[in-house]
Amino acid sequence: MKFFIDTANLAEIQEAYDLGVLDGVTTNPSLMAKEGITGKDNILAHYKAICDIVDDKVSAEVIATEYDQMLPEALELAAIDPKIVVKVPMIGDGVKLIKTLTEKGIRTNCTLIFNAGQAILAAKAGASYISPFLGRLDDISQDGTAFIEQLRLIFDNYGFETEILAASIRHNMHLIKCAEIGADVATCPLKVITGLLKHPLTDQGLAQFLADHAKGN
């Protein structure tokens, strides 16, 4: 399972990368705004700064929603760095864009996936990744992890090469459930990644080891 961090905060990205388990980064306009990154030039420069930290797979999202405007924007994002994966919304023109970018050898991440039909369309268009938002489904009393399980079954049925990138992961059990189901990637906040380190028995055991060692010295 690949771990992506879902943030535009450079310090958090660096911390996750230094831990040695980070495979990529996802961002979106909301995360950019949260960090105070505004204006086209600043946003493009920030994407480059993220690419300079990590080894590969930095999702950068197009803002336009019509194909004729989306294509030049996507090409500009892809030109920032070979590590860029162009993030495309699940709309009709987005599916068309994914097909075009795939034919050009540009990786894509189709975002805002909330049902199996959307996922199938993105996969058939050649998306490198699809991003189903399980936490947002939970928010409206739908079972987000069951949705990931459904997608895993469908993609395995037809041998789709598109990777399932589980998004909107809110806590550790979301991530563990996605791992059990077989999601290819989980993207989550830093606190979820570092939260995997924690267990009270680990803390107790380490404290006991250190206390026993101190007695013998």
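That block above? That's the structure.
Bear in mind that the values here come from a model prediction, so they are computed numbers and not experimental data.

Draft legend 1. Spotlight on the overall build of the protein chain. Looking only at helices and strands, the protein chain features 11 helices and 8 strands. Radius of gyration (C-alpha) of the protein chain: 19 Å, near the 17 Å computed for a compact globule of 217 residues. Overall, the C-alpha framework of the protein chain stretches about 70 × 40 × 30 Å when taken along its three principal axes. Counting across all 217 residues of the protein chain, residues that qualify as buried make up 47%. Sequence-distant contacts, at least 24 apart, represent 56% of the contacts inside the protein chain between residues at least 6 apart. Carbon and sulfur atoms make up 54% of the accessible area of the protein chain, which totals about 10800 Å². A gap of 1 Å separates the mean positions of the 19 positive and 29 negative side-chain charges of the protein chain.

Draft legend 2. Layout of the packing of aromatic side chains. All chains considered together, the criterion is met by 4 aromatic pairs. Seen in terms of ring centroids, Phe-4 and Tyr-129 are 6.0 Å apart; in terms of plane orientation they differ by 65°. Their pairing is edge-to-face. Taken together, the positions of Phe-4 in strand β1 (residues 2-6) and Tyr-129 in strand β6 (residues 129-132) put the pair 125 residues apart, joining distant regions of the chain. A relative accessible area of 4% places Tyr-129 in the buried class.

Draft legend 3. Broad picture of the environment of Ile-84. Tracing the chain through its elements places Ile-84 in strand β4 (residues 84-89). Sequence-distant contacts of Ile-84, defined by excluding residues within four places in its chain, comprise Tyr-47, Cys-51, Val-58, Ala-60, Leu-77, Ala-78 and Arg-107.

Draft legend 4. How the structure looks around the pattern of salt bridges. A complete count under the given rule lists 11 salt bridges for this structure. The partner of Lys-48 in a salt bridge is Asp-81, with the nearest N and O atoms 2.7 Å apart. Of this pair, Lys-48 sits in helix α3 (residues 40-53) while Asp-81 is found in the loop between α4 (67-78) and β4, placing the two residues 33 residues apart along the sequence. You can call Asp-81 buried: its relative accessible area is 8%. Between Asp-139 and Arg-170 there is a salt bridge whose closest N-O contact spans 2.8 Å. A residue pair is termed long-range when its members are at least 10 positions apart, and Asp-139 in helix α7 (residues 134-139) and Arg-170 in the loop between β7 (163-166) and α9 (172-181) qualify at 31 residues. Accessibility expressed as a relative area gives 36% for Arg-170, which makes it partly exposed. Salt bridges sharing partners connect three or more residues here, namely Lys-48, Asp-52 and Asp-81.

Draft legend 5. How the structure looks around the environment of Ile-91. As for its placement among the helices and strands, Ile-91 is situated in the loop between β4 and α5 (92-103). Given a relative accessible area of 31%, Ile-91 falls into the partly exposed group. As a C-alpha pair, Ile-91 and Ile-130 span 39 residues in sequence and 13 Å in three-dimensional space. Residue contacts for Ile-91: discarding those within four places in its chain leaves Thr-65 and Met-70.

Draft legend 6. Expanded view of the sheet that holds strand β2 (residues 24-26). Judged by pairing direction, the barrel is parallel, and its 8 strands sit side by side in the order β1-β2-β3-β4-β5-β6-β7-β8 before closing back on the first. Pairwise comparison of adjacent strand axes, ignoring direction, gives a mean angle of 30° for this sheet. One ladder, built from 4 bridges, connects strand β3 (residues 58-61) with β4; its direction is parallel. Among the inter-strand pairings, Val-58 is bridged to a residue of β4, identified as Ile-84. Contacts between α4 and the sheet are confined to β3 and β4, with β4 contributing the most and set at about 155° to the helix.

Draft legend 7. Summary view of the packing of α5 against helix α6 (residues 116-125). Between α5 and α6, the shortest axis-to-axis distance is 8 Å and the interhelical angle comes to 25°. Of the possible angle classes, the one that applies to α5 and α6 is roughly parallel. Note on packing geometry: the crossing formed by α5 with α6 is right-handed. For the pair α5 and α6, contact is made by Val-95, Ile-98, Lys-99 and Thr-102 and by Leu-121, Ala-122 and Ala-125, respectively.

The rules behind each value
Residues numbered from 1 in each chain as written. Predicted model: local features only at pLDDT ≥ 70, side-chain atom pairs only at ≥ 80, totals over all residues. Heavy atoms only, no water. Helix = DSSP H or I, 4+ residues; strand = E, 2+ residues; numbered from the N terminus. Rg over C-alpha atoms; globule rule 2.2 N^0.38 Å. Buried < 20%, exposed > 50% of the residue type's maximum accessible area, 1.4 Å probe, protein only. Contact = heavy atoms within 4.5 Å. Areas by Shrake-Rupley, 256 points an atom, 1.4 Å probe, with all protein chains shown as cover. Lys, Arg positive; Asp, Glu negative; His and termini not counted. Charge placed at Lys NZ, Arg CZ, Asp CG, Glu CD. Phe/Tyr/Trp six-rings, centres within 6.5 Å; stacked < 30°, edge-to-face > 60°. Salt bridge = Lys/Arg side-chain N within 4 Å of Asp/Glu carboxyl O. Pairing = 2+ DSSP bridges. Axes fitted to C-alpha atoms, helices over the stretch in contact; angles between N-to-C directions. Parallel < 35°, antiparallel > 145°, perpendicular 65-115°, else oblique. Left-handed = near helix turned anticlockwise from the far one by under 90°.

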